[in-house]
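Topology and contacts: notes
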Amino acid sequence: MTAQSEVIDPEVKSERILTQIQAINEALDIALGLDETVFELGEDIQDPGGGGFGVHKGLSTKYGLDRVRPTPITEQAIMGAAIGAAITGMRPIPEIMLMNFMAVCQDQLINHAAKLRYMSGGQTHVPVTVRTTTGAGGGFGAQHSDMLEGPLVHTPGLKVVIPSTPADAKGLLLTSIFDDDPVVFIEMHHLYFSISGHVPEGDYRIPLGKARLAREGSDVTLISWGRQVHDCMAVADTLAADGINAEVLDLRSLVPLDTEAMLASVAKTRRVVIVHEAVRRNGFGAELAATINEELFGQLAAPVRRVAAANTPVPYSAPLEAAYMPSKADIEATVRGLF
Amino acid sequence: MTAVQSRVSPDVLVKIFTTAAKIKMYDETYRATMRAGKIGGMYYSARGQEIIPSSFSAVLEPSDYVLTIYRGIHDQIAKGVPLNTLTAEFFGRATGSCKGKGGPMHVTDVASGLILTTGVVGSGLPIGVGVALSAKMRKSGQVAIVNFGDGASNIGAFHEALNMAALWELPVVFVCQNNQYAEYTKYSLGMSVDQISKRGAAYTMRSIHVDGNDPEAMYEAAKTAVDAARAGEGPTLIEAMTYRFYGHVMGDMMKYMPDDELEAARAADPVLKLRADLIAAGTLTDEQVTQIEAGLRTEIDEAFEYAMSSPLPDASDATTDVYAEGIAL
Ligand SMILES: Cc1ncc(C[n+]2csc(CCOP(=O)(O)OP(=O)(O)O)c2C)c(N)n1
Ligand SMILES: [Mg+2]
């Protein structure tokens, strides 16, 4: 636990406090220990570094370089090799160092991983968990910061998971690894060290497609995932002081989607703000807004609102990047505008 | 480059001939069926390229893996994909290998080891690397054969795959079926080397340049590469020179292929040549060849009848096989 860490997840019954990066490392360790067919491949993942952020620390030492397999800088081959191994009995965990680099191997992901079960009529399937990390706000500029979940949820055959807490990261990653479909597991590196939380010991699985009710409320629903869940929680605290009681729903997985939980919450509060870090245009928030309108038109007390990044590349300089990012102030102002 | 010596037993040549004749007859039947207007769709004839996969089929075990491309009918037949379900898949029938969901460009038949057919040029190579990696990690002794065209050797995936396969010494054979054209462009217009096999040197990979229409040379090349892969001696790049008799896709007017070049290639039809050679050498009698061909005729006719009389898929099946379990789409 780092000094600045904020402790969350009071509902998880565990005394142990871990950072998200420790929780992910633990999930990988458990999966590698459980099943011989599980292996990792990616750039720089071997010890002593154990990856650019240290996600894999200790794992190549414990399981060997065959199973925690460093690769050249070769995204197409990383993804292709993972797919080929997956359709012949393995459970690979490829790492794409940063989400923007997934653009380099979209053919393998979109034309092959996502479609092989379907195109083969169910004869082959692709139990791959593609781990990647990303997020703006760190001054990494336009090619190292994008949230690209939009094109992924737009690709039938892929599952898309974005955890917000250490306990979820561990439980969702274990479920993803042992899931028989290709899962893209998006880790927002801002959360790696900034957020700590109670994390149960051992192997536990959190089902995909089950949203987490992060905070119960009655006046407005804030729907989010990843880093922005924490922003929503902070805004909910602020609003509570003024008597606005916000519910916060952390989707956790976008595909499969917990439509039921989303609609139940919005039907109850009759107001909704969808918050995501990806750019606004054609972001997943648009899909959620459409679904809510289709299902709950007439029951809403206000239009569905979205808070998302500006429709620009991610800028470098701090004030520009801050202007790009959806902020707590944006969320708060948008919620207040509904009343 | 490894020089290839020809010392192939008559039994092996008969096997190669039988597979090649099957591919040739199947292709003729398929095109005739299309011309008769009984089926539509795209068809990428592999007529002229039969000897390459037929030679491999004399070397491979049923448990070995083959990956191929949209022009893959020869590879699929040679690996032993049952003709009934294969044809039904081409016809989009519910009884097809992939229940009609894949089609000609996306045939998979796990039981016979035909693990992937891709419609994206070059994409099979990295996946073949993974198939071979899996075989190596599982210590299964299986070998992966990745087929692709001359044009595919220009795409990045080719180079990434060769590098990774060489680096990890994987049991994979990259088979470039150089039919001399990528769509409507002569292969030499697309590359700075005169032989694709030379590209193997960049990855210190065993590389073989071979006449893919010569069954003895092709068999030796296939055997050298597969034996090496199985012995743990890593990957091989084979450039097998060949020619496609009917252009890129059914309906291609072939104006970009010089008449004399095409005529010469067809005059040297490798299947007819092998047939004549086997008879001339006394390996097979005329009657034996006729008998083999009659057996293939029956098998192929039955497959086309099976496919034609098979039901189309039920529309309700359009939404299955997207995910493992029925999650909301
Ligand atoms: C990545 C990609 N680019 C373009 C195409 C369109 N295309 C289909 S076949 C083909 C030519 C490929 O030639 P070659 O690799 O020599 O294989 P051949 O068709 O001769 O067997 C092209 C350009 C494609 N399918 N995939
Ligand atoms: Mg070609």
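All of the points below concern the structure found in this document. Here the residue numbers are simple positions, counted from 1 along each chain's written sequence. Chains and ligands are labelled sequentially in the order written, the chains with letters from A and the ligands with numbers from 1. A pLDDT threshold of at least 70 governs which residues receive local features in this predicted model, and a stricter bar of 80 or more applies before side-chain atom pairs are shown or counted, although totals over entire chains, interfaces and linings include all residues. Where side-chain values are given, they derive from all heavy atoms of the structure, hydrogens and water being excluded.

**Quick notes on the overall build of chain B**
Put simply, DSSP H or I for four residues or longer makes a helix, DSSP E for two residues or longer makes a strand, and each gets a number counted from the N terminus. Per the secondary structure count, chain B includes 10 helices and eight strands. We compute the radius of gyration from the C-alpha atoms alone; for a globule the expected value is 2.2 Å times N to the 0.38, where N is the number of residues. On C-alpha atoms alone, chain B measures out to a radius of gyration of 19 Å, which is about the 20 Å that the 2.2 N^0.38 rule sets for 329 residues. Judged by the C-alpha coordinates and their principal axes, chain B covers about 55 × 50 × 40 Å. Taken across its 329 residues, chain B has 57% of its residues classed as buried. What makes two residues a contact is simply this: any of their non-hydrogen atoms within 4.5 Å. Long-range pairs, those at least 24 residues apart, make up 73% of the contacts in chain B between residues at least 6 apart in sequence. The accessible surface values rely on the Shrake-Rupley method and a 1.4 Å probe; as for residues, cover is taken only from the protein chains in view. For chain B, the computed accessible surface area is about 12800 Å², with 54% contributed by carbon and sulfur atoms. Only four residue types enter the tally: Lys and Arg on the positive side, Asp and Glu on the negative side, with His and both chain ends excluded. To locate a charge, the coordinates of NZ of Lys, CZ of Arg, CG of Asp or CD of Glu are taken. Across chain B, the mean location of the 28 positive side-chain charges is 2 Å away from that of the 39 negative side-chain charges. Exposure is judged per residue with a 1.4 Å probe applied to protein chains only, and the accessible area is read against the type maximum: over 50% gives exposed, under 20% gives buried, and values in between give partly exposed.

**Observations regarding the coordination of the magnesium ion (ligand 2)**
All names here are of chain B. Because no water is among the atoms considered, metal sites can look incomplete, with donors defined as N, O and S atoms within 2.8 Å of the metal, or 3.2 Å for Na, K and Ca. At 2.0 to 2.2 Å from the magnesium ion (ligand 2) lie its protein donor atoms, namely Asp150 (OD), Asn179 (OD1) and Tyr181 (O). Here the donor residues of the magnesium ion (ligand 2) share one chain and are spaced in sequence as D-x28-N-x1-Y. Of this pair, Asp150 sits in the loop between β3 (144-149) and α6 (156-167) while Asn179 sits in the loop between β4 (172-178) and β5 (181-182), and the two are 29 residues apart along the sequence.

**Points about the packing of helix α1 (residues 10-35) of chain B against helix α10 (residues 286-309) of chain B**
All names here are of chain B. Lines fitted to C-alpha atoms define the axes, with helix axes restricted to the stretch in contact, and inter-axis angles between N-to-C directions lie between 0 and 180 degrees. Close contact between α1 and α10 brings their axes to 10 Å; oriented N to C, the two are set at 45°. With respect to their mutual orientation, α1 and α10 come out oblique. The chirality of how α1 crosses α10 is right-handed. Seen from α1, the contacting residues are Phe17, Thr18, Ala21, Lys22, Met25, Tyr26, Thr29, Tyr30 and Thr33; seen from α10, they are Val289, Ile292, Glu293, Leu296, Arg297, Glu299, Ile300, Phe304 and Met308. For this classification, the nonpolar set comprises Ala, Val, Leu, Ile, Met, Phe, Trp, Tyr, Cys and Pro, the charged set comprises Asp, Glu, Lys and Arg, and every other residue, Gly included, is treated as polar. Considered class by class, the residues forming the contact of α1 with α10 number 11 nonpolar, three polar and four charged. Put simply, angles under 35 degrees are roughly parallel, angles over 145 are roughly antiparallel, angles from 65 to 115 are roughly perpendicular, and the rest are oblique. Handedness of a crossing is defined here by the sense of rotation of the near helix relative to the far one, left-handed for an anticlockwise turn of less than a right angle and right-handed for a clockwise turn.

**Focus: the site of ligand 1**
All names here are of chain B. Being near a molecule or strand, for a residue, comes down to having at least one heavy atom within 4 Å of it. Contacts to ligand 1 come from 16 residues, most closely from Tyr70, Arg71, Gly151, Asn179 and Tyr181. Interatomic distance of 2.9 Å between a side-chain N/O atom of Arg71 and an oxygen atom of ligand 1. Within the side chain of Asp150, an N or O atom sits 3.1 Å from an oxygen atom of ligand 1. Considered on its own, ligand 1 offers 580 Å² of accessible surface; in the complex 73% of this is hidden by protein. Class assignment of the residues belonging to the shell around ligand 1 gives a composition of eight nonpolar, five polar and three charged. As used in this structure description, the phrase polar contact means that two N or O atoms lie within 3.5 Å; if the pair is within protein, one of them must be able to donate a hydrogen and the other to accept it, and residues adjacent in sequence are counted only when both atoms belong to side chains.

**Structural notes on the interface of chain A and chain B**
Residue-level contacts link 43 residues of chain A with 40 residues of chain B. Accessible-area loss on putting two parts together, using a 1.4 Å probe and summing over both, is the definition of buried area adopted here. Note on chain A versus chain B: buried area summed over both sides is about 3200 Å², and carbon and sulfur give 65% of it. When a carboxyl oxygen of Asp or Glu lies within 4 Å of a side-chain nitrogen of Lys or Arg, that pair is called a salt bridge. Inspection of the chain A/chain B interface yields zero salt bridges. The interface formed by chain A and chain B contains 20 residue pairs in polar contact (both at pLDDT 80 or more). Of all the elements in the fold, those that place two or more residues in the side of chain A that touches chain B are β3 (38-42), β4 (68-70), α3 (75-86), α4 (106-113) and α5 (116-119) of chain A. Among the elements that take part in the side of chain A that touches chain B, α3 of chain A stands out by supplying nine residues, more than any other. Its residues placed into classes, the side of chain A that touches chain B shows 18 nonpolar, 16 polar and nine charged.

**Re the nonpolar core**
Counting 86 residues, the largest nonpolar core has Ile223 and Ile292 of chain A together with Phe174 of chain B as the members making the most contacts within it. Note that domain bounds follow an automatic or database assignment of domains. Of the domains in this structure, domain 1 (17-198) and domain 2 (212-336) of chain A are the two that each give at least three residues to this core. Once residues within four sequence positions are removed from consideration, Ile292 of chain A is found in contact with Ile223, Met262, Leu263, Val266, Val272, Ile274, Phe297, Leu300 and Val304 of chain A. Here the nonpolar core consists of buried residues drawn from Ala, Val, Leu, Ile, Met, Phe, Trp, Tyr and Cys, with membership extended through side-chain atoms lying within 4.5 Å. One finds Tyr43, Val59, Ala225 and Leu296 of chain B within the second-largest nonpolar core, a separate group that totals 60 residues.

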